[in-house]
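# Descriptive analysis of the structure
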Amino acid sequence: MPATVKIVAVSKTNPVSAIMEAYSAGQRMFGENRVHELLQKKDLLPADIEWHMIGHLQTNKVKLVVPVAAMIQSVDSFRLLKTINAEASKINRTVNCLLQFFIADEETKYGFSMNEAEEMLDSDEFRAMQSVRICGVMGMATFIEDAEQIKREFRHLAECYKRLKSNYYAEEESFREISMGMSGDYEIAIGEGSTMVRIGSLIFGSRNK
Ligand SMILES: *Cc1c(COP(=O)(O)O)cnc(C)c1O
């Protein structure tokens, strides 16, 4: 187990007052899954908060989120990454990104397969990108009770990370994150090598009371 696992407090649907409470307790990394909600909250909260975009991002909203996100964890297509790169370059910014992998046994979750990711990383178009920094991978396990299945899915994501690390990013210190684990499965994720867990309901209480 790594010495430190970072916690992104997933504040979606929770009010600014709840975020402020966590902030006062020392929390600085917060995650939102909707661009407009992130922008509204950001304006009302301290400037040293690191905002992580963790939800599926439509390309037409990229230009809104690029100036404010410390990290976009939900990069789930080459097309989206190209748009992020283009918008970031317009404002002279380098945006930290995670590649979201599809690891679940569900039809609703977005993300790359290993083949798609390698095809992208091998392309000249990808190599020419100057305004995105790939910092690692992100994934969501199937929403299921079966701990063995969840474990297999997280193990698969950790293997994808290791393969990309050794084939593309061996020299790059900044490629180091495996963002996996939520309120219901973070212990399994940490056991499989998570460096960053995204915790919502365990911090803020259930969203659907
Ligand atoms: C909502 C959400 C979380 C946090 O979920 P909890 O079960 O409340 O901890 C983590 N990651 C993503 C991508 C989410 O959308």
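Counting from 1, residues in each chain are numbered in the order their sequence is written. Local features are withheld for residues below a pLDDT of 70 in this predicted model, meaning they are given only at 70 or higher, and side-chain atom pairs are given and counted only at 80 or more; totals for whole chains, interfaces and linings count all residues. Here the side-chain values reflect all heavy atoms present in the structure, with hydrogen atoms and water set aside.

## Considerations on the packing of aromatic side chains
Pairs were defined over the aromatic rings of Phe, Tyr and Trp, the Trp ring being its six-membered one, requiring ring centres within 6.5 Å. Orientation was assigned from the angle between planes: stacked under 30 degrees, edge-to-face over 60, tilted for the rest. Across all of its chains, the model carries 4 aromatic pairs by this definition. Measuring from ring centre to ring centre gives 6.5 Å for Phe101 and Phe112, while their planes differ by 45°; the resulting arrangement is tilted. Residue Phe101 is located in strand S5 (residues 95-101), and its partner Phe112 is located in the loop between S5 and helix H5 (114-122); the two are separated by 11 residues in the primary sequence. Burial classes follow relative accessibility: with a 1.4 Å probe on protein chains only, a residue under 20% of its type's maximum area counts as buried, one over 50% as exposed, and anything between as partly exposed. Classification of Phe101 as buried rests on a relative accessible area of 2%. Secondary structure is summarised from DSSP: a helix means a run of H or I of at least four residues, a strand means a run of E of at least two, and numbering begins at the N terminus for each.

## Considerations on the pairing of strand S2 (residues 29-32)
Where burial is concerned, the two faces of S2 agree: the one with Met29 and Gly31 and the one with Phe30 and Glu32 are both buried. Pairs of strands are assigned from DSSP output, requiring at least two bridges between the strands. In terms of strand pairing, strand S1 (residues 6-10) meets S2 through 2 bridges, oriented parallel. Bridge pairing links Ala9 to Phe30 in S2. Throughout, right-handed denotes a crossover for which the path from the first strand over the helix to the second runs clockwise when the strands point away from the viewer. Between the parallel elements S1 and S2, the chain passes through helix H1 (residues 16-24) in a crossover that is right-handed. Relative to strand S3 (residues 50-53), S2 is paired through 4 bridges, and the arrangement is parallel. Counterpart to Gly31 in the pairing with S3 is His52. In the classification by handedness, the crossover that spans S2, the intervening helix H2 (residues 35-44) and the parallel S3 is right-handed.

## Concerning the environment of Asn85
Along the chain, Asn85 turns up in helix H4 (residues 78-90). The spacing of Asn85 and Phe126 is 41 residues in sequence and 9.7 Å in space, taken between C-alpha atoms. Here, residues are in contact when the closest pair of their heavy atoms is within 4.5 Å. Look past the residues within four positions of Asn85 in its chain and what remains in contact with it is Met129, Gln130, Ser131 and Val132.

## Thoughts on the pairing of S5
Across the 7 residues that make up S5, a large majority, 6, are buried. Bridge analysis of strand S4 (residues 71-75) against S5 gives 2 bridges, and the strand direction is parallel. When the sheet's bridge partners are listed, Val75 is paired in S5 with Leu99. Traced from S4 through H4 to S5, the parallel crossover comes out right-handed.

## Considerations on the site of the ligand
One heavy atom within 4 Å of a molecule or strand makes the whole residue count as near it. Around the ligand, the neighbouring residues are Val10, Lys12, Ile54, Met140, Met182, Ser183, Arg198, Ile199, Gly200, Ser201 and Arg207. Any pair of nitrogen or oxygen atoms within 3.5 Å is treated as a polar contact; in protein, a donor-acceptor pairing is required on top of that, and neighbouring residues in sequence qualify only through side-chain atoms on both sides. One of the side-chain nitrogen or oxygen atoms of Ser183 is found 2.5 Å away from an oxygen atom of the ligand. The separation between a nitrogen atom of the ligand and a polar side-chain atom of Arg198 is 2.9 Å. Accessible surface area values rest on a Shrake-Rupley calculation with a 1.4 Å probe, where residue burial reflects the displayed protein chains alone. Burial of the ligand by the protein chains amounts to 91% of its free accessible area of 390 Å². When residues are sorted by character, Ala, Val, Leu, Ile, Met, Phe, Trp, Tyr, Cys and Pro go into the nonpolar class, Asp, Glu, Lys and Arg into the charged class, and all the rest, Gly among them, into the polar class. For the shell around the ligand, the residue count by class is 5 nonpolar, 3 polar and 3 charged.

## Some details on the side chain of Asp185
Mapped onto the elements of the fold, Asp185 is located in the loop between strand S7 (177-179) and helix H8 (186-191). Counting rule applied: Lys, Arg positive; Asp, Glu negative; His and chain ends not counted. Salt bridge, as applied in this entry: a Lys or Arg side-chain nitrogen positioned within 4 Å of an Asp or Glu carboxyl oxygen. One buried charge, Asp185, has no salt-bridge partner; the nearest side chain with opposite charge is Arg198, at 6.8 Å. Among residues more than four places away in sequence, those in contact with Asp185 are Ala141, Ile150 and Phe154.

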